[in-house]
Amino acid sequence: MPKASPPPLTDSELSAVRLAIEERRSLPGALLPILHAIQDCLGWVPAEAVALIAEALNQSRAEIHGVISFYHHFRTVPPGSVVVQVCRAESCQARGGVALELHARRSLGVDWHETTADGAVTLEPVYCLGNCACSPAIRVGNEILGRISPARFDGIIAGLRQEETA
Ligand code: FES
């Protein structure tokens, strides 16, 4: 089944995009700060934003898309309700991270950068959360958690889903 297109931006989202562009367009290398500001605000970089950025910076949409696709950090579709990042850097990998990654993808039924069918969780890789002493580590929204076993991961996801339906 083809994926539904994201809904058009609301007026307030469009205003936020315009403001992010206006405040940064004169910076040297303005594109990355603009993209970061938009994603920080909306959670993703919509096609409407790409068109506005291209116009403001006098670049083509293809050039903007090229930069967005180069950096995996940027999302071109809205994320799920919660973004869960699993650390794939060395310390975590050496302490159960590899098994945790496999488990996370299998139990959620998604690959990296994908969102579960119920829209609850987007799974992303990350390369060191600065929590190496408590490897393996994940970030759930803005919270960094350590010593994550597959069972603990499942408990955290179940808790998220419960909060969603509460
Ligand atoms: S290597 Fe995973 S938190 Fe540093």
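Note on numbering: residues in each chain are counted from 1, in written sequence order. Whole-chain, interface and lining totals are the exception, using all residues; otherwise, since this is a predicted model, local features are given only for residues with pLDDT of at least 70 and side-chain atom pairs are given and counted only at 80 or more.

Novice: Is there a simple way to think about the overall build of the protein in this case?
Specialist: Secondary structure elements follow DSSP: runs of H or I no shorter than four residues count as helices, runs of E no shorter than two count as strands, and numbering proceeds from the N terminus. Per the secondary structure count, the protein includes six helices and five strands. Counting helices and strands in the order they occur from the N terminus, the protein gives α-α-α-α-β-α-β-β-β-β-α. Taken over the C-alpha atoms alone, the protein extends approximately 50 × 35 × 25 Å along its principal axes. Here the protein, with 166 residues, has 22% of them falling under the buried criterion. Considering only contacts in the protein between residues 6 or more positions apart, those separated by 24 or more positions represent 60%. Exposure classification rests on a simple neighbour count of other C-beta atoms within 10 Å of a residue's own: a residue reaching 20 or more is buried, one at 12 or fewer is exposed, and one in between is partly exposed. C-beta atoms are placed from the backbone. Contact between two residues is assigned when their C-beta atoms, built from the backbone, lie within 7 Å.

Novice: Hey, could you run me through the UniProt feature "binding site: [2Fe-2S] cluster" (unreviewed entry) in the protein in this one?
Specialist: UniProt positions are given in the numbering used here, feature names are shortened, and annotations may be inferred rather than shown by experiment. The positions that UniProt labels "binding site: [2Fe-2S] cluster" (unreviewed entry) are, in the present scheme, Cys87, Cys92, Cys128 and Cys132. Judged by maximum C-alpha separation, these annotated positions cover 46 residues in sequence but sit close together in space, the widest gap being only 9.4 Å. Looking at where cysteine 128 falls in the secondary structure, it is placed in the loop between strand 3 (121–126) and strand 4 (138–140). Residue contacts for cysteine 128: discarding those within four places in its chain leaves Cys87 and Ala89. On the neighbour-count criterion, cysteine 132 (17 C-beta atoms within 10 Å) is partly exposed.

Novice: Looking at this model, I keep getting lost on the domain arrangement of the protein. Mind explaining?
Specialist: Reports often express the size of an interface as the amount of accessible area lost when the parts come together. You can read the domains of the protein as domain 1 (11–70) and domain 2 (82–165). Where each domain begins and ends follows an automated or database-derived domain assignment. For domain 1 and domain 2, the distance between their C-alpha centroids amounts to 29 Å.

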